[in-house]
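# What the coordinates show
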Amino acid sequence: MTPTQKSINVVIAGGGFFGCSIALMLQRRGLRPLVVEAEDELLTRASRVNQARVHGGYHYPRSLMTAYRSRHNYERFRSVYREAIVDRFTKIYGVSRLFSKVTASQFEVFMKRIGAPLKQAPDRISKLFNPTLTEAVWIAEECAFDCSLLRDRCRRDLENAGIPIRFGTRVQSAEKAADGVVVRLSDGSELPATLVINATYSGLNLLTHGSHLPPIPLKQELAEMALIQLPEELDGLSVTMMCGPFFSFMPYPSRGLTTLSHVRYTPHLQWFEKPGEIPIDPYERFSLLKKQSHFEYMLSDASRYIPALRNAIHCDSIWEVKTLLPQTEVDDGRPILFRRDPMLPALVHVMGGKIDNIFDVEDEIDAILASTC
Ligand SMILES: Cc1cc2nc3c(=O)[nH]c(=O)nc-3n(C[C@H](O)[C@H](O)[C@H](O)COP(=O)(O)OP(=O)(O)OC[C@H]3O[C@@H](n4cnc5c(N)ncnc54)[C@H](O)[C@@H]3O)c2cc1C
């Protein structure tokens, strides 16, 4: 056993934003974590390939809890990660007249209830929208994050805290041992630990399966977001159309472009991981997916609402596995998953669902440590 192995007592599987942040939380509480990351860098998967929205509650008008928690965490996230925050754009939310699961007045009442500011959009903005399809548009307070700057921050924080990271290595299993857990890694090594955090997001059930534990019910989606250059008329704007099979475009600061996503066309493939079934490796399925862009479908639907969008230029697409809890099918909420494994309580599964949920994880960590000590 190397000196590093001797001195660690928590193994964190996954060096995404959640794994890194949890490592820091545990270290501040006196534990000695090791981060094990399958890739050769931190924050390369979902924490990098996402829509970069710091949620302000507007996106969840059918889930009071998610919307309220987003609003609650919004200013805190902006302040704690201020170097990664990008807010020099105007955020617009609109409600569609057709197929929307909320009306404009329901949206307004809901946002008032959670304390999310909404201002009627001025004429120069509302006239960009097709009035036959659009019931109302507002200016909201919502910003974006730069995933490269967030990664630099995580890297620096882990380094300053002296937390070791093992790159290019997978956590394959966690199994009960005489005094805790033994963790097996893909490089053949074994580590003893008192606590293991499964922060692998799309890979949560690869670890449960490797450990002979029942899977966590999850929904997996192979998602595409088009990276576009906005036409001049829409420069400095970001639009999200609510609430149903619509579209959104948001700045993607690390590439200096804008993501365009569409509820109907962003998912290329989806499936459920269920108890009693052997999980499909989502990363493998992702790498086998023929990445034929749905950009044209996204654009042709979105430009019915905003005709000027027709002149957007498709520069690239970014792809990732999106992992959701099955209950999101009902209200589109993003509750955090934070669960001690019922068969192996020293293994804790964590899935944030969205970046700003990180502060809710902190409370759960305290509860776990209180019940462990
Ligand atoms: C298309 C899309 C759009 C999104 N849009 C937004 C948004 O606008 N705003 C928002 O807040 N959230 C958004 N999200 C959600 C957000 O990206 C995730 O909630 C968040 O990034 C999850 O962080 P994580 O650290 O849990 O996962 P990840 O960043 O995926 O980290 C998990 C890490 O675990 C590693 N790993 C996997 N298996 C193993 C193993 N066995 N051993 C070791 N390492 C392993 C992976 O390589 C990866 O680095 C979006 C997600 C997607 C996919």
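Our subject is the structure listed above.
Report on the accompanying structure. Predicted model, so just to flag it, every value in this text is computed and none were measured. (Residues numbered from 1 in each chain as written. Predicted model: local features only at pLDDT ≥ 70, side-chain atom pairs only at ≥ 80, totals over all residues. Heavy atoms only, no water.)

### Regarding the overall build of the chain
The following threshold applies: Numbering goes from the N terminus for both helices and strands, where a helix is a DSSP run of H or I of at least four residues and a strand is a run of E of at least two. Taken over C-alpha atoms, the radius of gyration is set against a globule rule of 2.2 Å times the number of residues to the power 0.38. Note on classification: 1.4 Å probe, protein chains only; a residue is buried when its accessible area is under 20% of the maximum for its type, exposed when over 50%, partly exposed between these limits. Contacts are assigned to residue pairs that have any heavy atoms within 4.5 Å of one another.
When its secondary structure is counted, the chain shows 11 helices and 21 strands. Against the compact-globule benchmark of 21 Å for 373 residues, the chain has a radius of gyration of 21 Å, which places it among compact chains. Along the three orthogonal principal directions, the C-alpha set of the chain runs to about 70 × 40 × 35 Å. Sorting the 373 residues of the chain into buried and exposed places 57% on the buried side. Long-range pairs, those at least 24 residues apart, make up 74% of the contacts in the chain between residues at least 6 apart in sequence.

### Some thoughts on the layout of surface pockets
In plain terms, the rule: Method remark: on a 1 Å grid restricted to protein atoms, a set of points is classed as a cavity if a 1.4 Å probe fits but cannot get out and as a pocket if it is open with protein on both sides within 12 Å along at least five of seven lines; lining residues have an atom within 4 Å of a point. Grid points are joined across faces, edges and corners, and a volume is the space filled by probe spheres set on the points. Under the scheme applied, nonpolar residues are Ala, Val, Leu, Ile, Met, Phe, Trp, Tyr, Cys and Pro; charged residues are Asp, Glu, Lys and Arg; polar residues are all the others, including Gly.
By volume, the second largest pocket is sized at about 260 Å³. Lining of the second largest pocket is provided by 14 residues; of these, Asp235, Gly236, Pro251, Leu257 and Thr258 occupy positions nearest its centre. Considered class by class, the residues forming the lining of the second largest pocket number 8 nonpolar, 4 polar and 2 charged.

### Details of the pattern of salt bridges
A pair can form between side chains of opposite charge whenever their charged atoms are brought close. Under the convention used in this document: The salt bridge definition used is simple: a Lys or Arg side-chain nitrogen within 4 Å of an Asp or Glu carboxyl oxygen.
Within the structure shown, the criterion is met by 22 salt bridges. A salt bridge links Glu41 to Arg155; the nearest nitrogen and oxygen atoms lie 2.7 Å apart. Here Arg155 lies in helix α6 (residues 147-161) and Glu41 lies in the loop between β2 (33-36) and β3 (53-54), a separation of 114 residues in the sequence. The network of salt bridges with shared partners includes Arg28, Arg29, Arg76, Glu362 and Asp366.

### Digging into the side chain of Ser248
Condition: Throughout this description, a polar contact denotes any pair of N or O atoms lying within 3.5 Å of each other; where both atoms belong to protein, one of them has to be capable of donating a hydrogen while the other can accept it, and for residues adjacent in sequence the pair is counted only when both atoms sit in side chains.
Relative to the elements of secondary structure, Ser248 occurs in strand β16 (residues 247-252). For Ser248, a relative accessible area of 4% gives the class buried. A polar contact is formed between the side chain of Ser248 and the backbone oxygen of Val239, at a distance of 3.4 Å. For Ser248, the side chain forms a polar contact with the side chain of Thr240, separated by 2.9 Å. Excluding residues that lie within four positions of it along the chain, Ser248 makes contacts with Gln51, Arg53, Lys91, Val239, Thr240, Thr259, Leu260 and Ser261.

### Quick notes on the nonpolar core
Note the cut-off: In plain words, nonpolar cores are sets of buried Ala, Val, Leu, Ile, Met, Phe, Trp, Tyr and Cys residues tied together by side-chain atoms within 4.5 Å.
Residues Phe17, Leu26 and Ile197 are the most contacted members of the largest nonpolar core, which totals 47 residues. Sort the elements by how many residues they give to this core and helix α2 (residues 17-28) lands first, with 8 residues. In terms of nonpolar packing, the next biggest core, distinct from the first, is built from 29 residues, Val137, Ile228, Leu234 and Ala308 among them.

### Describing α6
The test is simple: Any helix carries an expected span of 1.5 Å times its number of residues minus one.
Helix length check: α6, at 15 residues, gives a terminal C-alpha distance of 21 Å against a target of 21 Å (1.5 Å per residue), a fit within 8%. Residues of α6 that are buried: Cys147, Ser148, Leu150, Arg151, Arg153, Cys154 and Leu158. Near the N-terminus of α6, the side chain that reaches the backbone nitrogen of Ser148, with its oxygen 2.9 Å away, is that of Asp146.

### Regarding the sheet that holds strand β4 (residues 85-86)
Strand pairing in a sheet relies on backbone hydrogen bonds, with the paired strands running either antiparallel or parallel. Put simply, the rule is: For two strands to be treated as a pair, DSSP must find at least two bridges joining them.
Here we have 3 strands laid out as an open sheet, ordered β3-β8-β4, and antiparallel in their pairing. The sheet terminates laterally at β3 and β4, the two strands that pair on one side only. Two strands pair when backbone bridges link them, and β3 and strand β8 (residues 143-145) are joined in this way by 2 bridges, in the antiparallel orientation. If you follow Arg53 over to β8, its bridge partner there is Ala144.

### A few points about the pairing of strand β12 (residues 190-193)
Side chains of β12 alternate between two faces, with Leu191 and Ala193 buried and Glu190 and Pro192 left unburied. Direction of pairing for strand β11 (residues 180-185) relative to β12: antiparallel, over a ladder of 4 bridges. By the bridge assignment for β12, Val181 is matched with Ala193. Hairpin connection of β11 to β12: 4 residues between the antiparallel strands, including Gly188 at a positive phi of 90°.

All quantities given are derived from atomic positions and should not be read as evidence of function.
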